[in-house]
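Report on the structure
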Amino acid sequence: MSLNIFITGASSGIGESLAYYYSRKGYTIGIAARRNDRLQTVTDKCIELGGNPIVYNIDVSDKEKCKDAAKDFMSTNKGIDIVIANAGVGGDDNILSGDPSEINSILKINLLGVTNSVIPFIPKMKEQHSGRIAIISSIAGFRGLPHHGGYSASKAALRNLTESWNYTLKPYGISLTTIFPGYIDTEMTKDHKFKMPFLMHSDKASRIIANSIQRKRRKLILPWQWKFIIPIFRILPRFLIYRFTPNQKELK
Ligand SMILES: NC(=O)c1ccc[n+]([C@@H]2O[C@H](COP(=O)([O-])OP(=O)(O)OC[C@H]3O[C@@H](n4cnc5c(N)ncnc54)[C@H](OP(=O)(O)O)[C@@H]3O)[C@@H](O)[C@H]2O)c1
């Protein structure tokens, strides 16, 4: 049976790998992102692998564009099976500049980008009494990290948002999986100058993510080692957080 899957942030990294994973199964995939050239490359490879990609050149912070894309995807394919809200950006808060633009942009893309891209699919899933949603948070959502408050806050907000939505959606047969990746080898991490523990290839991450969506797991932390580190990470004294997380200087 073929599935209809919509993935945001499919032009690189985890989203791109997920698009290839589902293409190998011959599924129909809505691939959404901003960079047209990258989307074209991903489309070509999806077709080569046996998938049926449909491109949506959208910015997830644009509510109307997301709504139109969801409507188009559902009407073209007569339904929706899986939505993966993966699009996200990292970056420095830059609060010392006095300009809130950078942090606001991170919050908007990482948080409102998720509500914009997921919610338009929910009425159809409710009508079908089926559907799977996956939202990509981060292990950074478990503590406020130095200089990356916007990123940490957006990912922490997704943790609470999805915990709440799980209660709302479950009676309608809709599953919701929250993904908490550690370090994954993608464009987001390629310029990190520090050693990233348990760094995982995005193809491997996408296989694990897809499997947890398939099994309707509520929560996935990957690589698995972080499951044991996070409880310690959450109670570490502040000075150790500062010592062992990359600060501004190390990132440059
Ligand atoms: N890599 C890691 O170690 C790691 C760890 C924890 C969590 N995550 C999360 O995993 C997700 C995927 O990141 P990645 O590591 O695969 O990084 P990536 O390679 O930089 O991919 C990010 C994707 O999001 C898209 N995107 C960004 N802003 C967008 C916007 N406004 N509208 C539409 N698409 C947008 C990008 O496409 P365009 O630029 O073409 O729009 C790109 O396809 C993110 O949510 C990230 O926070 C990653």
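Rules behind the numbers
Residues numbered from 1 in each chain as written. Predicted model: local features only at pLDDT ≥ 70, side-chain atom pairs only at ≥ 80, totals over all residues. Heavy atoms only, no water. Core = buried A, V, L, I, M, F, W, Y, C linked by side-chain atoms within 4.5 Å. Buried < 20%, exposed > 50% of the residue type's maximum accessible area, 1.4 Å probe, protein only. Helix = DSSP H or I, 4+ residues; strand = E, 2+ residues; numbered from the N terminus. Contact = heavy atoms within 4.5 Å. Pairing = 2+ DSSP bridges. Axes fitted to C-alpha atoms, helices over the stretch in contact; angles between N-to-C directions. Patch = residues over 30% accessible without salt bridge, like charges linked within 9 Å, V, L, I, M, F, W, Y side chains within 5 Å. Areas by Shrake-Rupley, 256 points an atom, 1.4 Å probe, with all protein chains shown as cover. Salt bridge = Lys/Arg side-chain N within 4 Å of Asp/Glu carboxyl O. Lys, Arg positive; Asp, Glu negative; His and termini not counted. Charge placed at Lys NZ, Arg CZ, Asp CG, Glu CD.

Counting 32 residues, the largest nonpolar core has F6, Y56, I80, V118, F121, I133 and I135 as the members making the most contacts within it. Looking at this core, the elements with two or more residues in it are β3 (52-57), α3 (63-77), β4 (82-85), α4 (101-118), α5 (122-128), β5 (131-136), α6 (149-169) and β6 (174-181). With five residues, the single largest contributor to this core is α3. With residues near it in sequence (within four places) discarded, I135 still touches A85, V114, V118, L158, T162, W165, L176, T177, T178 and I179. Of all hydrophobic cores here, the second largest spans 29 residues; its members include L3, I5, V42 and A210.

Across the sheet, which stays open at both edges, the seven strands sit in the order β3-β2-β1-β4-β5-β6-β9 with parallel pairing between neighbours. The strands lining the two open edges of the sheet, one partner per strand, are β3 and β9 (219-222). Neighbouring strand axes in the sheet, compared pairwise and without regard to direction, differ in orientation by 15° on average. Where strand β1 (residues 4-8) lies against strand β2 (residues 28-33), five bridges are found, and the strand directions are parallel. From the neighbouring strand, I7 faces β2, where its bridge partner is I31.

Where like charges cluster on the molecular surface, the positive patch consists of R24, K45, K204 and R207. Residue K204 is classed as partly exposed on the basis of its relative accessible area, which comes to 43%.

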